[in-house]
Amino acid sequence: MTSRELTALMEKSPVSCHKALVKEYGRYVYAIAYNKLRGCGTSEDIEECVSDVFAALFMQCEYDLSSENDLKYLIGTIAKRKAIDYFRSLTARESHISETDEDDMRELVSDFSVDERVDRSELRRVLLDKIDELGEPDSTILIQKFYYNRNSKEIAESVSMTATAVRQRCSRAMDKLRTKLVEVGLGR
Amino acid sequence: MRKKNIFDVLENAENDSMERLIDKCPDISDEQLDRIFRMSEKKFRKQRAEKERTERDNTIKMTENDVVEGVEHSKRPVWLTPLTTAASVLLIAGIAIGSTAMMKRHTKPNGGGGGVTPAVTVSTSTGTGTNIVSTDKNGSTITGTDVTTTTTTVTSVGDGSDQNTADTEFIKPFVGRWRYEMSNINDLDVPESAGYMGTVEITADATYIMTDNSGNVSHGTISNATEEIGGTSIQCLDFSVNESGANDFLTRRAYYDESRPYELHFGNSNIARLVREEYVEPTDTSWQSAYRKEILKHYNKAGIPYNDPMWDLQDIDGDDIPELLISTGTQKDDCVYIYYYENGEAKDLNNTVQTIPYGEYGVTNICKEEHYIGHNYTDNRVTYYEMTKLKDHYPICDIFTYYYDLEQAGETPYGLNARPVSEEEFNQKVDEYNSKNWITVGRQYRLGDFSPLLNK
């Protein structure tokens, strides 16, 4: 959806426009909020954050939407900022959760015998590369299972397989991933 | 606790990794999307109404010569008046009939029904000593040296003769059901602190039955006593130990004070008392009472999770009723909870908007002249400002930020309420923040000190 399409839709019916925005970008915003809040918030917190993003977007549409705006970029920016604000809010409320996750990082790294000096973003990139090398649908199954915490039945629906098949592929894919990580010095 | 896995490293990903994760995000169900839509729409309407209200307020300009005129007409059905009148008459008649019936049911039968009444042994002792009369709020004790004469009447079961009946006369004013209450802060002058410990039934034969708040029942006897303090004779009741040999109350002796006919208090302290069951503490809807209740809730958290809690009163919104500020401690993560008074209750300002609890290190900034609450900090990755205008008990919050990580990612690092803004706009907000006359508040009174909220 472009800004011009959005403006036209807003003039016709703001509520329909809002609904269309949530339908088209809901998954995108959810993924961003999930990425920031996965470790500190509940699913309700993530939904709250997503709804806050859309409320801010609706306000922008109502008062301050320039047709020059790249809509996806705008939504992404609002989502990231809101998610960061939520992260800070949630960690401050629960307090005592360290801000940069240094402790978590150390623990995580030690689990996989990784040199402590390995940069986290590099680790992220290598891990995603290795997951991608597994090909589809294995990469999607692993990400949905271990990152998005979906169960086999839910994953089965999204990759059009049976839950049993998902479980089998997931187990084999995880073995392959372990081997690949060992090859690059990220496992034991 | 959730087990960690290597996929946790994917959290907080930078843009390119994020895009890869978004591609693999499972579909959101229609039901969930619908829920998100409804929540968003609700928040949007609220924000829009607030914005319009603020804009409207800003455009209203009245001078001293402006006059407000007109009559607002209200319509209601013609039949409503006679109907409400009839209902009132019926209600009054019902109350009158009901009261009469209740009075008749509670009339005591003549004769009192014989039964076993106690025989009596009287012993009297006289001594001189120092009595702790009271303890003030600073913990100092006020003492007096007096000649104390105690007369104790020990009762035992007898054959119900007229003499024995006469010797249980002392108990008659106290016969009935009483609530046993103890203050969890050792100060019953804070009425909200009184906790129910059990029910005591005092009977005409000078015995009592105690049913504690766990349902355990115990029995004992009561003897008559008087104490002279400073030349004044004070009526006392001495409660025996129960059948297990234990005390049912804080102390054995309860004192009766004519100025408070509804209670018997134990010992010289202000910790425990018996209150007549029918006595109802007058309803206190003052802001002091509401804040006392709120502080008591936090008082119970002292130690865990609060390490060094304190509180404060500050009139931030200028309505002549101060706001209550509760500081959780003095560490960086410690914050200030702010409450305002409305309709007899203390309401949490944090719950009305999604925001970080106010302040850090257990204090926050306020600007009384302009009714702002403010807070800012800078570390090597974030510059964060929060400026909240408190208007009609509604906080209007501006959060303006600079994120180093966003700058490194080639994005606009400055933000105002999650919207990217130019450096110039950001700096304007910072200048506005710095122009306020901030004072640091939050830690004035200890959590157990209620004196600023008591009308002593």
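The structure displayed is predicted, hence computed values, not measured ones.

So, about the sheet that holds strand β11 (residues 310-314) of chain B. Residues and elements named next belong to chain B. Taken together, 5 strands build an open sheet; the order of strands is β14-β13-β12-β11-β22 and the sheet is antiparallel. The sheet is open, and its two borders are formed by β14 (345-348) and β22 (445-446), each paired with just one other strand. The pairing of strand β12 (residues 323-327) with strand β13 (residues 336-342) spans 4 bridges and is classified as antiparallel. Residue pairing across strands places I326 opposite Y337, the latter belonging to β13. Along the sheet, helix α5 (residues 287-299) contacts β11, β12, β13 and β14; its crossing angle with β14, the most-contacted strand, is approximately 55°.

Taken together, the 56 residues of chain A in the interface contact 45 residues of chain B. Where the side of chain A that touches chain B is concerned, the elements lending two or more residues are α2 (14-37), α3 (43-63), α4 (71-94), α5 (102-111), α6 (120-133), α7 (138-147) and α8 (152-159) of chain A. With 12 residues, the single largest contributor to the side of chain A that touches chain B is α2(A). Considered class by class, the residues forming the side of chain A that touches chain B number 23 nonpolar, 13 polar and 20 charged.

This part is about the environment of R27(A). Among the secondary structure elements, R27(A) is positioned in helix α2. For R27(A), a count of 18 C-beta atoms within 10 Å translates into the label partly exposed. R27(A) sits 23 residues away from V50(A) along the chain, and the two C-alpha atoms are 9.6 Å apart. Apart from the residues lying within four places of it in its own chain, the contact partners of R27(A) are C25(B), D27(B) and I28(B).

Time to look at the packing of α2(A) against helix α1 (residues 15-23) of chain B. Between α2(A) and α1(B), the least distance of the axes is 9 Å, while the angle of their chain directions is 125°. With respect to α1(B), the element α2(A) is oriented oblique. Crossing handedness for the pair α2(A) and α1(B): right-handed. Contacts from Y28(A), A31(A), I32(A) and N35(A) of α2(A) reach α1(B) at M18(B), L21(B) and I22(B). Residue composition of the contact of α2(A) with α1(B), by class: 6 nonpolar, 1 polar and no charged.

Reading the values: the criteria
Think of each chain on its own: its residues are numbered from 1, step by step along the sequence as written. Each chain takes a letter, starting from A, and each ligand takes a number, starting from 1, following the order in which they are written. Only residues with pLDDT of at least 70 are given local features in this predicted model, and only at 80 or more are side-chain atom pairs given and counted; all residues enter the totals for whole chains, interfaces and linings. Between any two strands, pairing holds if DSSP finds at least two bridges. Strands are runs of DSSP state E lasting at least 2 residues, helices are runs of H or I lasting at least 4, and numbering of each runs from the N terminus. The contact criterion used is a C-beta to C-beta distance within 7 Å, with each C-beta placed from the backbone. Angles shown run from 0 to 180 degrees and are taken between the N-to-C directions of axes, each axis being a line fitted to C-alpha atoms and, for helices, limited to the stretch in contact. In this classification, the charged set is Asp, Glu, Lys and Arg, the nonpolar set is Ala, Val, Leu, Ile, Met, Phe, Trp, Tyr, Cys and Pro, and all remaining amino acids, among them Gly, are polar. Any residue surrounded by 20 or more other C-beta atoms within 10 Å of its C-beta is treated as buried, while 12 or fewer makes it exposed and the intermediate range makes it partly exposed; C-beta atoms here are placed from the backbone. Reported orientations rely on four angle classes, namely roughly parallel under 35 degrees, roughly antiparallel over 145, roughly perpendicular from 65 to 115, and oblique for the rest. Here a crossing is called left-handed whenever its near helix is offset anticlockwise from the far helix by less than a right angle, and right-handed whenever the offset is clockwise.

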